[in-house]
Every structure is written in C-alpha cells, then in structure tokens.
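Here is what each chain is made of, one letter per residue.
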Amino acid sequence: MKNINSRPVSMKIKRIIKALSVLIISLIAYTSLSAETLDNDNNYDAIFLNNEKEKFIIQNGDLPVNEIVIHGIKKTSPSVILSRITIKNGDPLSAFNPYDAVNNLKKTNLFSDITISYNRNGDSVDIIISLKEKWTLIPIPMYSSNKHGTSYGLYLMETNFLGYGKTIFTGGIYSPESKKLIIGYIDQSILNSNFRGAIFLSHKDEIYQKGDSDYNIFSKYKASKTLLRVDAGYSFSDAIKIFAASGFWKTNLDYSYNEGLNVPEEMSNYLTGIIARYENTYHNEYLYFGTKVELTTMSYIPMNNNSEYFNVTTYKGEYNHKITPQARLNFFSSGGYGNRPSIFEENIGGKPGARTLPADILCVDDFINWTLSFEQIAFKFKWGVVTVLAFFEGGFYKNDYETSHYYGPGIGTLVYLKNIALPAMGFNIAKNLHSGYNEFSVNIGMSF
C-alpha cells in the first residue's frame with residue numbers, strides 16, 4: 001500500500017534547500033574571516049584561568065584559602081555552587097583548579113556568565129565566584145511539520161526548582177493523529193550527594209503508521225501507550241554514572257479504528273535494567289567538546305498472558321573535537337539490538353544518526369548508525385549565537401518488513417540562548433541518497 005503523501009519533493013522544498021545551502025556557505029565564509037572577533041571571551045579558557053591564578057600566587061604567595069565568596073545569585077542555593085568546587089578552606093590556592101570549577105558550573109546550564117577572581121584577606125585568600133543566573137522557568141511552544149503531519153504543543157520546564165538545580169517539566173503535544181502528555185523530574189544530586197534520580201511519565205493516544213524510507217506504509221493502527229520509568233543512580237566520579245531503571249510500558253489498541261492495516265498484538269510489560277554513562281566534556285561559552293557514551297540494557301517482563309518477555313540493548317556515543325573555540329567536528333553513533341515485538345519497535349526517523357529517514361514512521365527492531373558533522377558559530381549576539389551545520393550520515397536497520405540501509409548529506413542550523421536555560425534548537429534538511437527523498441526535521445541540541 002502506498003502512502004498518499006509519497007510524491008517527489010516539491011519545488012518549494014528544493015528552493016528552500018538551495019537557499020539554505022547558499023546561506024550556510026556564506027556564513028562559513030563569513031565566520032572564517034571574523035573568527036577573531038567572535039573569540040573575545042576568556043572566561044572559559046584553561047590557559048587564561050590558570051595564568052590569573054598564577055599571577056596572584058607570584059604576587060602574594062601560595063596562601064591558604066579562607067573562603068569561597070559567591071556573588072550574583074538570587075534564587076540559586078550556594079550549596080549548588082559549592083558542591084561543584086573541590087577546594088576546601090585551608091587548602092593552598094595552588095590546589096585550586098579554576099578551569100574545572102568553571103567547567104563544572106557551566107555543565108549545570110544555570111549561569112550565563114561565570115568569572116573567578118582572588119582577593120587577599122590577611123594571610124589567606126578569598127576565591128570570588130561571580131555569576132549571572134539564567135532564566136530557568138521556561139514555557140516552550142512546540143511546532144513540528146513533516147510529511148507525516150503537523151503537530152503543536154506547549155511544555156513548561158523549570159531547571160532550577162526551588163533553587164537547588166533540580167529539573168521539573170510537563171507539557172503536551174496535539175495533532176489530528178496524536179495527543180501526548182508528559183511529566184518528569186530530574187535530580188542531579190539528591191541532598192547534594194552523589195546519588196541521582198529521575199522519574200518520567202508519558203501518555204500518548206495516536207494513529208500509528210509504520211513504513212519504509214520510500215513512504216510505503218506497511219502497518220497502521222490506533223493505540224494508547226503509557227510509559228512510567230524511574231531511574232536511581234550514583235556518580236562514581238564526574239565522568240562515570242550508573243543507574244538502575246524500573247517501570248512499565250502499557251499499550252491498549254483501539255479495535256474500533258476501521259482503517260487498521262497489519263495491526264500488531266497488544267502488549268504490556270514491566271521494565272527493569274541498567275544504564276551506564278561516561279562523560280568527559282569541557283565547555284566553552286556555548287559549545288562543548290569531548291566524549292559522551294551511554295549504554296543501556298533493559299528487560300521487559302510480561303504484565304499479563306498476552307505479552308512477551310524480551311530484552312533490548314542500546315548505545316549512544318559521541319566525540320566532539322575542538323577546531324576553534326567557535327567550531328567543532330562531531331562524530332555520533334547509536335544502535336540497538338533486541339527482539340522487540342512490533343508494537344514496541346523504536347522510532348528512529350528524524351533523530352540524530354537518522355535524519356535522512358522519514359520522521360514518525362520509520363520504526364525498527366535492530367539498527368546502527370553514524371554521523372560526521374561540522375558545526376560553526378556564524379553569528380554572535382548579546383542574547384546568544386546562531387550556528388550552522390553540515391553533516392553526512394549512514395546506517396542500517398531491520399524491522400518486521402524489511403532490512404535496509406541509508407546514507408546521505410544534510411545541512412541545518414542551531415540557536416543557542418545565552419540567558420535562558422534551554423538546549424540548542426533548530427532544524428535541518430537532509431538528502432537520503434538511497435531513497436532519493438529529502439527529509440526535514442526539527443533539531444534539539446542534546447542527545448543524552
């Protein structure tokens with residue numbers, strides 16, 4: 001059965017692709033000429049930060065630390081800052097690593113400006129940390145349009161709940177084919193300890209369509225899906241974190257829907273598993289560099305006699321190489337292997353590593369992909385920066401209907417806001433050289 005949306009890309013989309021290509025080439029040329037003017041902030045540079053500390057030691061001696069003085073916070077608890085500073089009162093100043101301190105504070109995404117200075121206090125020294133807090137209570141309007149349809153939504157997110165750096169969010173998305181509600185809570189440091197936790201609940205009523213990269217629809221059905229997941233973890237170091245996960249994933253088919261095609265079996269399962277994360281990154285004002293890896297293994301235990309037991313193992317990994325403070329080369333890869341029932345297959349289309357695949361309809365059991373991309377800051381404003389992207393990706397996937405591969409180039413753009421605690425957001429257009437289709441997708445700049 002051929003989807004009625006299957007058609008050659010319109011001339012309008014072709015013109016958009018051509019115009020965006022010209023814009024990105026122009027912006028890259030512009031930034032190559034003006035990179036020196038963009039690199040005007042040393043607050044996040046390791047050499048500058050360490051030199052400032054050494055200047056003070058040369059002039060005053062290696063004095064013991066008397067106090068860490070925090071300026072500029074109005075709603076953030078001082079414990080959030082102090083828990084990310086390893087120096088203790090009485091330690092010599094030479095033991096203080098200002099670059100690590102700035103980097104740890106930058107990772108919280110709570111502060112737009114971070115500066116460190118030193119003040120002699122008798123025979124000791126005060127470390128002065130000056131901060132500018134971001135706006136962290138954020139309404140996020142959502143709009144997405146692709147060949148599968150158009151959806152609208154609104155999320156409300158607070159990333160500094162009660163001033164302790166906790167994240168709470170809720171919201172929903174609506175389209176003629178789908179309705180979704182979510183709520184969640186993330187605690188990066190329970191009671192300022194190394195323990196971490198998160199809880200996530202979502203409910204979705206949707207008309208599901210599953211197809212291939214040529215928009216041939218093989219399955220269509222209406223169902224509600226409810227997911228509850230609770231993660232409890234521990235940070236063994238700044239880089240290594242381990243989580244235990246549990247919850248359930250429940251599906252209910254709407255058998256009154258009369259346009260069904262190859263309707264899968266209804267299933268509901270408890271889930272339990274382990275998540276391991278490794279993160280060794282360092283941050284400039286907007287971009288980060290370094291390595292992230294996440295490995296997850298989950299078991300799905302039947303809630304009733306109609307469900308099946310199955311296991312799924314997935315991974316995500318990325319490495320960001322610093323070319324200049326305003327440019328990075330990124331390698332990203334993800335994959336999954338298991339024996340998922342059809343109703344639990346993962347939707348990968350339009351996501352990192354699969355942006356050349358159709359969004360919303362490409363669901364798979366097993367997959368592996370990779371992306372090599374270049375990102376460059378093009379414009380820098382008082383409120384943030386605009387970056388441009390160029391990437392090439394490829395991958396392989398398997399589901400109940402086909403085993404296939406894909407590959408192709410893409411371009412896009414991202415916006416990073418300076419004073420608002422949002423991840424980067426933008427869009428991209430990609431060309432699937434295997435299917436011949438152009439794909440448009442919304443890009444949210446966080447993959448973990």
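Residues numbered from 1 in each chain as written. Predicted model: local features only at pLDDT ≥ 70, side-chain atom pairs only at ≥ 80, totals over all residues. Heavy atoms only, no water.

Caption draft 1: Inspection of the overall build of the protein chain at higher detail. A tally of regular secondary structure across the protein chain gives four helices and 21 strands. Each of the 448 residues in the protein chain was classed as buried or not, and the buried ones make up 48%. Put simply, of all contacts in the protein chain between residues at least 6 apart along the chain, 57% involve residues at least 24 apart. Total accessible area on the protein chain is roughly 21,600 Å²; 59% of this is exposed by carbon and sulfur atoms. (Helix = DSSP H or I, 4+ residues; strand = E, 2+ residues; numbered from the N terminus. Buried < 20%, exposed > 50% of the residue type's maximum accessible area, 1.4 Å probe, protein only. Contact = heavy atoms within 4.5 Å. Areas by Shrake-Rupley, 256 points an atom, 1.4 Å probe, with all protein chains shown as cover.)

Caption draft 2: Up close: the packing of aromatic side chains. Within the structure shown, the criterion is met by 19 aromatic pairs. Clustering of aromatic rings is evident, with ring pairs tying together Trp249, Tyr300, Phe310 and Phe344. Above the ring of Phe391, the side-chain terminus of Arg355 is found at 4.2 Å from the ring centroid. (Phe/Tyr/Trp six-rings, centres within 6.5 Å; stacked < 30°, edge-to-face > 60°. Lys NZ or Arg CZ within 6 Å of the ring centre and 35° of its normal.)

Caption draft 3: Highlighting the pairing of strand β10 (residues 240–253). A one-sided burial pattern is seen for β10, the buried positions being Lys241, Phe243, Ala245, Gly247, Trp249, Thr251 and Leu253 and the unburied ones Ile240, Ile242, Ala244, Ser246, Phe248, Lys250 and Asn252. Here strand β9 (residues 217–235) hands over to β10 after four residues, the two strands then running antiparallel side by side. By the bridge criterion, 11 bridges tie β10 to strand β11 (residues 268–283) in an arrangement that is antiparallel. Bridge pairing in β11 links Ser246 to Thr272. (Pairing = 2+ DSSP bridges.)

Caption draft 4: Fine view of the environment of Asn347. By the secondary structure assignment, Asn347 is in strand β15 (residues 346–347). Exposure remark for Asn347: the relative accessible area of 22% places this residue in the partly exposed category. Asn347 sits 13 residues away from Asp360 along the chain, and the two C-alpha atoms are 6.4 Å apart. With residues up to four places along the chain from it excluded, the contact list for Asn347 reads Asp360, Ile361, Leu362 and Cys363.

Caption draft 5: Structural detail: the side chain of Lys241. Its place among the elements puts Lys241 in strand β10. We note that Lys241 is buried and unpaired, the nearest opposite charge coming from Glu279 at a distance of 4.9 Å. The residues contacting Lys241, other than those within four sequence positions of it, are Arg196, Tyr234, Ser235, Ile275, Ala276 and Arg277. (Lys, Arg positive; Asp, Glu negative; His and termini not counted. Salt bridge = Lys/Arg side-chain N within 4 Å of Asp/Glu carboxyl O.)

Caption draft 6: Highlighting the sheet that holds strand β3 (residues 124–133). With respect to topology, three strands assemble into an open sheet ordered β1-β3-β2, the strand pairing being mixed. Single-partner strands in this sheet number two, and they are β1 (65–71) and β2 (111–121). Taking each pair of neighbouring strands and ignoring which way they run, the sheet shows an average axis angle of 15°. Where β2 and β3 come together, 10 bridges link them in antiparallel fashion. Bridging across to β3, Tyr118 finds its partner in Ile127. Against the sheet, helix α2 (residues 46–60) touches β2 and β3, its axis set at about 10° to β2. Sitting on the sheet, helix α4 (residues 98–107) is in contact with β2 and β3, with an inclination near 145° to β2. (Axes fitted to C-alpha atoms, helices over the stretch in contact; angles between N-to-C directions.)

Caption draft 7: Looking closely at the environment of Leu162. In this fold, Leu162 is placed in the loop between β5 (149–161) and β6 (166–175). Sequence spacing of Leu162 and Lys75 is 87 residues, and the spatial spacing of their C-alpha atoms is 7.7 Å.

Caption draft 8: Examining the nonpolar core more closely. Core analysis: the biggest nonpolar cluster contains 27 residues, and Ile85, Leu93, Phe96, Ile127 and Ile129 have the highest contact counts within it. Of all the secondary structure elements, the ones that give two or more residues to this core are α2, β1, α3 (78–82), α4, β2 and β3. Once you skip the residues sitting within four places of it in the chain, Ile127 turns out to touch Val65, Glu67, Ile68, Val69, Ile87, Leu93, Phe96, Ile116, Ser117 and Tyr118. (Core = buried A, V, L, I, M, F, W, Y, C linked by side-chain atoms within 4.5 Å.)

Caption draft 9: Structural view of the pairing of strand β7 (residues 178–187). Of the pairings in the sheet, the one linking β6 to β7 comprises nine bridges and is antiparallel in character. When the bridges of β7 are listed, Thr170 appears paired with Ile183. Here β7 runs beside strand β8 (residues 195–211); their pairing, made up of 10 bridges, is antiparallel. Bridge pairing links Asp187 to Gly197 in β8.

Caption draft 10: Structural detail: the confidence of the model for the protein chain. Here the protein chain averages 86 in pLDDT, and 88% of its residues register 70 or above. Contacts of residues 1–40 to residues separated by more than four positions or lying in other chains number 45 contacts, the stretch itself having pLDDT below 50. (pLDDT = per-residue confidence, 0-100.)

Caption draft 11: Quick peek at the side chain of Glu318. In this structure, Glu318 sits in strand β13 (residues 310–324). The buried charged residue Glu318 lacks any salt bridge partner; its closest oppositely charged side chain belongs to Lys292, at an N-O distance of 4.8 Å. Among the polar contacts made by the side chain of Glu318, one reaches the side chain of Asn320 at a distance of 2.7 Å. Within polar-contact distance, the side chain of Glu318 engages the side chain of Asn330 at 3.1 Å. (Polar contact = N/O pair within 3.5 Å; in protein donor to acceptor, adjacent residues only side chain to side chain.)

Caption draft 12: Representation of the packing of α2 against α4 within the structure. With their axes 8 Å apart at the nearest point, α2 and α4 run at an angle of 130° to one another. Relative to α4, the element α2 is oriented oblique. For the pair α2 and α4, contact is made by Ala46, Leu49, Asn50 and Lys53 and by Pro98, Tyr99 and Val102, respectively. Taken together, the residues of the contact of α2 with α4 sort by class into five nonpolar, one polar and one charged. (Parallel < 35°, antiparallel > 145°, perpendicular 65-115°, else oblique. Nonpolar A, V, L, I, M, F, W, Y, C, P; charged D, E, K, R; others polar.)

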